[in-house]
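Understanding the architecture of this molecule
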There are 2 protein chains.
Amino acid sequence: MSKERLVVIGGVAAGMSAASSYRRLKPEAEAIVLEKDFFISYGSCSLPYYVSDEVKDFNQLISLTPKVAIEERGIDVRTRHEVSDIDLEKKQVHVRNLEKNETFVLDYDKLVITTGGLPIRPPLPGIDLDHVFTIRTLLDGIAIKKFIDDWGAFEVCVGSPECLYVNRFGNEKRPMKAVVVGGGYIGMEMCESLRKRGLEVSVVEKTDRVLGTMDGEITSIVEEKLLAEGVKLYKGTSVEGFKGLKGKVERVITDKGEFDADFVLLAIGARPNSDLAKKAGIALGVAGAIQVDEYMQTNVPGVFAAGDCAEAMHLVTGKKAYIALGTTANKQGRLAGENAAGLNKKFDGIVGTAVTKIFDLEVARTGLSSIDTKREGLKFFTSAIQGWSRSKAYPAGKKMTVLYIVEEGTGRLLGTQMVGQEGVAHRIDTLAACLYGRMTIDDVARLDLGYAPPFATVWDPILVGANVALKKMKQG
Amino acid sequence: MSKERLVVIGGVAAGMSAASSYRRLKPEAEAIVLEKDFFISYGSCSLPYYVSDEVKDFNQLISLTPKVAIEERGIDVRTRHEVSDIDLEKKQVHVRNLEKNETFVLDYDKLVITTGGLPIRPPLPGIDLDHVFTIRTLLDGIAIKKFIDDWGAFEVCVGSPECLYVNRFGNEKRPMKAVVVGGGYIGMEMCESLRKRGLEVSVVEKTDRVLGTMDGEITSIVEEKLLAEGVKLYKGTSVEGFKGLKGKVERVITDKGEFDADFVLLAIGARPNSDLAKKAGIALGVAGAIQVDEYMQTNVPGVFAAGDCAEAMHLVTGKKAYIALGTTANKQGRLAGENAAGLNKKFDGIVGTAVTKIFDLEVARTGLSSIDTKREGLKFFTSAIQGWSRSKAYPAGKKMTVLYIVEEGTGRLLGTQMVGQEGVAHRIDTLAACLYGRMTIDDVARLDLGYAPPFATVWDPILVGANVALKKMKQG
């Protein structure tokens, strides 16, 4: 081959970011993206809002079509192309065209692996029954929404002329009873979506709380909200399997009893999809994610990894972590593409910022939670306050809880969590900046934050919380 | 006197914070607050929402009444007591009881001066006509609202039994035509309030834009909003005086012509009310504000100053500045009280964060504007982008503008300004934290900010703006 060639495995957030930044820097070079799915470059974080019908058309979730990627960015996008092997020696990938069922071999100069994450599907009895869904890809979202909308047999058309059947069998009745297995972010967001669609929703969570990595002061408020919204919550309950009729799920079996279900959402987390990299001999790091350095390069020169299949440096612990989030995937992908094109740019790392909307609650975290901090063996204390989103005089203010996690002795801010109906989602970013700057709780208490009655109290809840934490620290 | 005694001159934000923190630390000591007005400890930033009637009762603006301050905090609050002189030698203040018209002398061990700011009232012809208002104190707000509500003669009762006449003459008709002189924060907020009360509103601003210290990319959007809300805007127009009939204002005279007005709001800024301190021989600093060190102490040991009468260190310039804001007043006041009680706590300083709501726009700034930066003689460039408040797929997202001011060469963040209908007010605080941490625009671009479709785009507008500014810097 004459032109320099980048091959990217996977075409969602990280993959298309990598290909795009590479082509921007090297317009003369070739960038081939191999995506086994039908779609590229979609916002999977918006899937719950597509299912809820707040987003009507799945095309709104797509930020880049293959056509636009090819014509406007000059990226050779090949959907329905699965990579079966990476030959690091020969610098080749083995590819199967899933439409034509043909295989071929492709040379590369640089390789970026963005194979994403895989939803965990434990080998429980009945897990392969129809209507035991996971929600990770756009196709998952389409299948779920179609099942709720048109529960009879249906097909989904993806581009023209191909039509894909996502539910071959259909169902005898509209789904009424949903069981969400797992109380993490996606499970919680989907509770809202499914309630909005009129389903009865039960959550089965094996630990003692939802949003298990967050602290009880925050999660108890989320649990109250679930109950207020008519969601049944079964904590400390483990799923042992599923029973069905005619291939379709009908009951969820747990250690505490059985639940009726004509819709099951498995939302018990995801693992890095690093099997292909591992098979090729590329080193894995934390949690089985592909090991990368700060340039997003794997242990093999010229081979990069980014997004949900890769690890990231956690700036609070100074250690590698596996926290799969869309923002990180975009940043890492862009950087992997830039470095594949010859730049030498570093990805500092993450501080673990995440935000979610659960019914009318905004829930946010950054840095370490108590559980994370204990795992790191750090000495810490927590301090929580209730504040208000607006000046008390100004109408319609809402309560919010702000929880700080602070290192004993040094006073270093380790993490913050917040929950409330208003003003939480963006407040967390201020603390994310503080973590990036390695600030202490004393620094946080000194911040010069904006104040106007419609947006805050004169002592912002961030400052109130920091002052209370500071006092707690001084009193030992 | 046997007990140690703190005297505080002024009982609003800074003053009551000082007295409260002093008493917390020294419950055995005496704290006397002398306030010449009827009210203490009220939220003057909420006055526009009281006038607009979003806040019904002025008592909602009061966070602490004299009764509660006396009974629960043990602070000897004396309203309607004006200090006429400070004798630094004898450590005494000369006080006039305005109700009884008696004078007396009070010894102090420590003194905190929180005399606030004074609205600028230039000696223009007709400025003393009735219904030429300023809005700074709670009494100002009460007078304005009463004038709009009950334009005939009225009185205002403040506690019992005293009743205060704020409008002796009354008016023949309901005010219809308001002229707001000055396009600063308060003027802009009051445009919204007065439009909500059904008045015709014209703004007369002598410079070429409203919110004069902010950059044109931001202020042009505010000006569009004013016009869309039916506010008439006369820029580059200087007020030369006022004409009246029977002692009441009827016309505003400018260099561009005359405007009908039965209501004038003078909102052309405030100056530090430092006359008393100056007369006593206490040193003044920048802009005529009382000079203070990082402990909020004046040049006279044991005499502190805080709030709108005092200067503050600006952390971006490293120089003293006069930026009067409620948050700073509260922080400085608390610290002055703590240090008067024997602590040794430093006030780091401010970064100039301010946020305001103008109709449905959120407008925010932190750090230096272009004008500020030029004045400092720093080399800088600006970079502005348009972003979205929500994922494009998620309904009802709003546009926002993010403007960065960056030092040439070093890439140091000097300031940020934002405007938009949603998500601006709290985003600015993230940049305030970055300024506190002396971060570069490259640091800002690397922040790990939260993402969920209802709250942001996957590249938050903060990050999009930082990346564009970074690219601009690299291209020189």
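Residues numbered from 1 in each chain as written. Chains lettered and ligands numbered in written order. Predicted model: local features only at pLDDT ≥ 70, side-chain atom pairs only at ≥ 80, totals over all residues.

Helix and strand counts for chain A come out as 12 helices and 27 strands. Scaling as 2.2 N^0.38, a compact globule of 476 residues should have a C-alpha radius of gyration of about 23 Å, and chain A matches this with 24 Å. Overall, chain A is about 70 × 55 × 40 Å in size when its C-alpha atoms are taken along their principal axes. Within chain A, buried positions represent 53% of all 476 residues. A fraction of 63% describes how many contacts in chain A between residues 6 or more apart in sequence connect residues 24 or more apart. (Helix = DSSP H or I, 4+ residues; strand = E, 2+ residues; numbered from the N terminus. Rg over C-alpha atoms; globule rule 2.2 N^0.38 Å. Buried ≥ 20, exposed ≤ 12 C-beta atoms within 10 Å, placed from the backbone. Contact = placed C-beta atoms within 7 Å.)

Residues and elements named next belong to chain A. Across the interface, helix H1 (residues 13-25) lies against helix H8 (residues 326-340) with an axial gap of 7 Å and an inter-helix angle of 35°. Crossing hand, H1 versus H8: right-handed. Contacts from Ala13, Ala14, Gly15, Ser17, Ala18, Ala19, Ser20, Ser21, Tyr22 and Leu25 of H1 reach H8 at Gly326, Ala329, Asn330, Gln332, Gly333, Arg334, Ala336, Gly337, Glu338 and Ala340. Taken together, the residues of the contact of H1 with H8 sort by class into nine nonpolar, nine polar and two charged. (Axes fitted to C-alpha atoms, helices over the stretch in contact; angles between N-to-C directions. Left-handed = near helix turned anticlockwise from the far one by under 90°. Nonpolar A, V, L, I, M, F, W, Y, C, P; charged D, E, K, R; others polar.)

Let's shift gears to unusual backbone geometry. In most cases, non-glycine residues show a negative phi, while peptide bonds are predominantly trans. If you check the backbone angles, Met296 of chain A has positive phi at about 70° while not being a glycine. Using a count of 30 C-beta atoms within 10 Å as the deciding quantity, one classes Met296 of chain A as buried. Positive phi, close to 55°, is recorded for Arg80 of chain B, a residue that is not glycine. Under the C-beta neighbour-count criterion, Arg80 of chain B is labelled partly exposed, with 17 such atoms within 10 Å.

On to the interface of chain A and chain B, then. Taken together, the contact pairs 50 residues of chain A with 50 residues of chain B. Mapped onto the side of chain A that touches chain B, the elements with two or more residues apiece are H8, strand S23 (354-358) and helix H10 (427-436) of chain A. It is H10 of chain A that provides the largest number of residues to the side of chain A that touches chain B, a total of eight residues. Considered class by class, the residues forming the side of chain A that touches chain B number 28 nonpolar, 14 polar and eight charged.

Here we come to the pairing of strand S15 (residues 239-245) of chain B. Residues and elements named next belong to chain B. As paired strands, S15 and strand S16 (residues 248-254) are joined by six bridges and run antiparallel to one another. Bridge assignment links Gly244 to a residue of S16, and that residue is Val249. Hairpin connection from S15 to S16: two residues lie between these consecutive antiparallel strands, with Lys246 at a positive phi of about 50°. (Pairing = 2+ DSSP bridges.)

Once that is clear, we can look at the domain arrangement of chain A. All names here are of chain A. Per the domain assignment, the segments of chain A are domain 1 (5-40 + 55-117 + 271-340), domain 2 (176-266) and domain 3 (354-469). Each partner contributes residues to the interface: domain 1 has four residues there, and domain 3 has seven residues. When the residues that make up the side of domain 1 that touches domain 3 are grouped by side-chain class, the tally is three nonpolar, one polar and no charged. (Domains from an automatic or database assignment.)

Next up on the list: the sheet that holds strand S4 (residues 81-87) of chain A. Residues and elements named next belong to chain A. Ordered by their spatial adjacency, three strands build an open sheet running S4-S5-S6, and the pairing between neighbours is antiparallel. Either end of the sheet is taken by a strand with one partner, and the two such strands are S4 and strand S6 (102-107). Strand-to-strand twist across the sheet, computed as the mean angle between neighbouring axes with direction ignored, equals 25°. Here six bridges tie S4 to strand S5 (residues 92-97), and the two strands are oriented antiparallel to one another. Bridge assignment links His81 to a residue of S5, and that residue is Asn97.

What follows concerns the sheet that holds strand S12 (residues 177-181) of chain A. Residue and element names in this part refer to chain A. Overall, parallel pairing links the five strands, which are arranged S9-S18-S12-S13-S14 in an open sheet. Two strands in the sheet have a free side with no partner beyond their single neighbour: strand S9 (132-133) and strand S14 (232-234). Across the sheet, helix H5 (residues 185-196) lies against S12, strand S13 (200-204) and strand S18 (263-266), angled at about 165° from S13, the strand it touches most.

Next up on the list: helix H12 (residues 461-474) of chain A. Residues and elements named next belong to chain A. With 14 residues, H12 extends 20 Å from end C-alpha to end C-alpha; this agrees with the ideal 20 Å at 1.5 Å per step. Regarding H12, the residues found buried are Pro461, Ile462, Leu463, Gly465, Ala466, Asn467, Ala469, Leu470 and Met473. A positive backbone phi angle near 70° is found at Gly476, which sits one or two residues after H12. (Expected span 1.5 Å × (residues − 1).)

With that settled, consider the relation of the copies chain A and chain B. What relates the pair of chain copies is a rotation about an axis plus a shift along that axis. When chain A is fitted to chain B, the best match, at an RMSD of 0.0 Å, comes from turning it 180° and sliding it 0.0 Å along the axis. Classification of the inter-copy transformation places it as that of a two-fold axis. The rotation axis passes nearest to the C-alpha of Thr430 of chain A in chain A, at a distance of 2.0 Å. Same-surface contact between copies: 100% of interface residues of chain A are shared with the interface of chain B. (Least-squares fit on C-alpha atoms with pLDDT ≥ 70 in both.)

Attention now goes to the confidence of the model for chain A. Across chain A, pLDDT averages 95, with 96% of residues at or above 70. Scored as a complex, the prediction yields pTM 0.96 and ipTM 0.97. (pLDDT = per-residue confidence, 0-100.)

Turning next to the environment of Gly423 of chain B. Tracing the backbone through its elements, the reader meets Gly423 of chain B in the loop between strand S27 (413-420) and helix H10 (427-436). The class of Gly423 of chain B is buried, set by 22 C-beta atoms lying within 10 Å. Leave out the neighbours within four places in its chain, and Gly423 of chain B touches His426 of chain A together with Ser389, Met400 and Phe455 of chain B.

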